[in-house]
Amino acid sequence: MTNARSSPTPRHPDTPTPPSGATQIRFERVTKQFDNGEGARPAVDDVSLTIEPGEFVVLIGPSGCGKTTLLKLINRLYDPTSGVVLVDGTPSQDLPGPDLRRHMGYVIQQGGLFPHYTVEKNIAVVPNLLGWEKARTRARVDELLELVGLPPGEYRHRYPSQLSGGQQQRVGIARAVAASPGTLLMDEPFGALDAITRSRLQEELRALTNRLGQTVVFVTHDIDEAVLLADRIAVMREGRVEQYDTPTEIIMRPCNRFVADLVGADDLLRRLSLVGALAAMVPLDSDDGIGEDEITVDVPIRVRHVLSLLLESGAPRVIVRQDGVPVGYLDLPAIQAVSIPHYDGADDALG
Amino acid sequence: MELLVETWEYVAENADRFQQAALVHLGLSFGALAIAMLIFIPLGVLASMGGRLTANIVGAVAAVRVIPSLAVILLLLPVYGLGWRPALIALTLLAGPPLVVNTDVGLRGVDAATLEAATGLGMTRSQRFWRVKLPLALPVIVTGVRTAAVEVIGSATLAAFVGAGGLGLFITSGITLLDERMLLAGAIAVTILALLTEWALARLEGRVTPPGTARA
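Residues numbered from 1 in each chain as written. Chains lettered and ligands numbered in written order. Predicted model: local features only at pLDDT ≥ 70, side-chain atom pairs only at ≥ 80, totals over all residues. Heavy atoms only, no water.

## Section: the packing of helix α6 (residues 112–120) of chain B against helix α7 (residues 125–155) of chain B
Residues and elements named next belong to chain B.
- Running from amino to carboxyl end, α6 crosses α7 at an angle of 165°, the nearest separation of the two axes being 10 Å. It follows from the interaxial angle that α6 and α7 lie roughly antiparallel. Where α6 crosses over α7, the handedness of that crossing is right-handed. When α6 is examined against α7, the residues Thr114, Leu115, Ala118 and Thr119 are found in contact with a partner set consisting of Arg128, Val132, Lys133 and Leu136.
- The class makeup of the residues in the contact of α6 with α7 is four nonpolar, two polar and two charged. (Axes fitted to C-alpha atoms, helices over the stretch in contact; angles between N-to-C directions. Helix = DSSP H or I, 4+ residues; strand = E, 2+ residues; numbered from the N terminus. Parallel < 35°, antiparallel > 145°, perpendicular 65-115°, else oblique. Left-handed = near helix turned anticlockwise from the far one by under 90°. Contact = heavy atoms within 4.5 Å. Nonpolar A, V, L, I, M, F, W, Y, C, P; charged D, E, K, R; others polar.)

## With respect to the nonpolar core
- Ranked by size, the top nonpolar core spans 79 residues in total, and within it Phe27(A), Leu49(A), Leu70(A) and Phe114(A) carry the most contacts.
- Examining the composition of this core, we find that 10 residues originate from one element, α7(B), more than from any other.
- Contact partners of Leu70(A), with chain neighbours within four places excluded, come to Phe27(A), Val44(A), Val47(A), Leu49(A), Leu59(A) and Met236(A). (Core = buried A, V, L, I, M, F, W, Y, C linked by side-chain atoms within 4.5 Å. Buried < 20%, exposed > 50% of the residue type's maximum accessible area, 1.4 Å probe, protein only.)

## Remarks on the interface of chain A and chain B
- Across the contact, 22 residues belong to chain A and 20 residues belong to chain B.
- For the pair chain A and chain B, the summed buried surface comes to about 1800 Å²; carbon and sulfur atoms form 68% of the total.
- Counting the surface chain A buries against chain B, the share from its top three residues, Phe114(A), His116(A) and Leu129(A), is 28%.
- At the boundary of chain A and chain B, one finds one salt bridge.
- At the surface where chain A touches chain B, the tally comes to five residue pairs in polar contact (both at pLDDT 80 or more).
- Elements with a minimum of two residues in the side of chain A that touches chain B: α2 (97–102), β6 (104–107) and α4 (125–129) of chain A.
- Split into classes, the residues belonging to the side of chain A that touches chain B amount to 13 nonpolar, five polar and four charged. (Buried area = accessible area lost by both parts, 1.4 Å probe. Salt bridge = Lys/Arg side-chain N within 4 Å of Asp/Glu carboxyl O. Polar contact = N/O pair within 3.5 Å; in protein donor to acceptor, adjacent residues only side chain to side chain.)

## Some words on the pairing of strand β9 (residues 232–237) of chain A
All names here are of chain A.
- Most of β9 is tucked away: five of the six residues are buried.
- Inspection of the sheet shows strand β3 (residues 56–60) paired to β9 by four bridges, in the parallel sense. Bridge pairing in β9 links Leu59 to Ala234.
- Examined bridge by bridge, β9 and strand β10 (residues 240–245) share five bridges and lie antiparallel to one another. Each residue of the ladder has a partner; that of Arg237, found in β10, is Arg240.
- The antiparallel hairpin formed by β9 and β10 contains two residues in its connecting segment, where Glu238 sits at a positive phi of about 50°. (Pairing = 2+ DSSP bridges.)

## Notes on empty space enclosed by the protein
- Scanning the model with the defined rule gives two cavities of 30 Å³ or more in all.
- In this structure, the largest cavity spans a volume of roughly 40 Å³.
- Broken down by element, the lining of the largest cavity gets its largest block of residues, three residues, from helix α8 (residues 195–212) of chain A.
- Looking at the lining of the largest cavity residue by residue, the classes come out as two nonpolar, six polar and three charged.
- Looking at the second largest cavity, its volume works out to about 30 Å³.
- If you trace the second largest cavity, you find it lined by Arg101(A), Arg102(A), Met104(A), Gly105(A), Tyr106(A), Val126(A), Arg175(A), Ala176(A), Pro181(A) and Leu121(B).
- Breaking the lining of the second largest cavity down by element, the ones donating at least two residues are α2, β6 and α7 (165–176) of chain A.
- Ranked by the residues each element gives to the lining of the second largest cavity, the list is headed by β6(A), at three residues.
- Counted by class, the lining of the second largest cavity contains six nonpolar, one polar and three charged residues.
- Among the domains, domain 1 (1–103 + 181–196 + 205–245) and domain 2 (119–179) of chain A are the pair contributing at least three residues each to the lining of the second largest cavity. (1 Å grid on protein atoms, 1.4 Å probe; cavity = no way out; pocket = protein on both sides within 12 Å on 5 of 7 lines; lining within 4 Å. Points joined across faces, edges and corners; volume = space filled by probe spheres on them. Domains from an automatic or database assignment.)

## Overview of the environment of Ala315(A)
Residue and element names in this part refer to chain A.
- Of note, Ala315 is situated in the loop between α14 (303–313) and β13 (317–322).
- Judged by its relative accessible area of 24%, Ala315 falls in the partly exposed class.
- Taking C-alpha positions, Ala315 is 51 Å from Asp88, a pair spaced 227 residues apart along the chain.
- If sequence neighbours within four positions are ignored, Ala315 has contacts with Ile295 and Leu310.

## Structural notes on the domain arrangement of chain A
Residues and elements named next belong to chain A.
- Segmenting chain A into domains produces domain 1 (1–103 + 181–196 + 205–245), domain 2 (119–179) and domain 3 (271–339).
- Contact with domain 1, which involves five residues of that partner, is made by four residues of domain 3.
- Here domain 1 is connected to domain 3 by zero salt bridges.
- For the pair domain 1 and domain 3, the interface holds zero residue pairs in polar contact (both at pLDDT 80 or more).
- The residue makeup of the side of domain 1 that touches domain 3, split by class, is four nonpolar, no polar and one charged.

Structure below.
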């Protein structure tokens, strides 16, 4: 029941082609069984999955579904009980763990910053492990602090306890990408943040990874976060991957009852709050004239928001712009078209 | 008040002896503390690794703890005779429990997420221990050193019973001769040494505690 397709990699529209440094990760029939008694089900159960270089993949599912275990199999914090994890084609077990991990950024929930290190020293951890020269490390620290929006002059010498939760996570991200790793692994990095900080950091992370171009594997149990960030989402349950697809496909065509429930397929407004305007709009014909007083919105925007605008204004349609250029429109029939889930209960083999 | 003045006069009259005794006292105390740190901090590290080892080490240390220091000194007499050796050994054993327990507790108290991050960023086990685990446990370990030091300095007065000298000499002689000045001179001096050591180690503890991570 593992729907791990290796279809052509879909990407966010503004994702640049990945640099040669981005890593490909392949799970081939990977099972991880912890020694927790006879008959216990494996934490990860016969998973095959390919994450293409430069792709942003979100692993999602309820707690205990194996998403964090799957993540930790990538950088050998765990080794598979059977099957193989291929990192750019090399079995991970042929690579020494510490070396492998130095080339994979790692961010965890509370940041896991070292409280006895300043911000600067925290970010410099991996460059120091790799034996970079001091001047190079220092320049890199400043560059990264700028990149994550913390002015180096002000923040370099602070300690983690002197930062807010959001600032700590920024430092955690800067630390993870310090040595330009080909992969960034993130385990619920925004789970402990308040909603406003979380959504800001989500946007910034997406912009950052678009710019840096490395492969990202991101664990969350928040479907909104998954839809916002992912090129592809792997929905997990009980150690298996139920569906591995683009956010739009997951929302529009959940493969079974479980995925449908996760994305709230039966809750109309919820679905509309997950679908992006680009996925639902009617493309504009080149000869379609746009009236002066027509309502326009800029992507990214969710269909639900557009629906509110339509209902409030009473206008027949809303124009969707991308990068300032009108690309399509949404009207009530278009919204209705995406309101109906294509989920067919017949292929629900899970019971 | 008069007694204090007389005590001070007594100290002044016997400055040489007094200084000599204080040096022996400090030598015994810090000698024992240093040896104890070399033995018991590594033992605490072993204990922190968990499993049966932890239970055994902590259990053994707790057992040693209940034996009074004086009893240890007297038990060692037949083996080592009179002099500084039984005193040094007894004081070393006395310093053990706080060192082992604090090292163990300090190391095991390091936040699991911090350690996971260390491993996840590519530190080897030994890099993780020296760069992250030990520095973060250090404030608790220094607290153990502080407790041990104060106990040892106080207990070093017992060394006088086996002819090892130290400031205890004035206390025991004071009791025997019913000389309050002598007794007070010894007792006050020991107290001052203990307080100074406590103060110095508290400062050290502050220095090894990263800003904002002070434990309650």
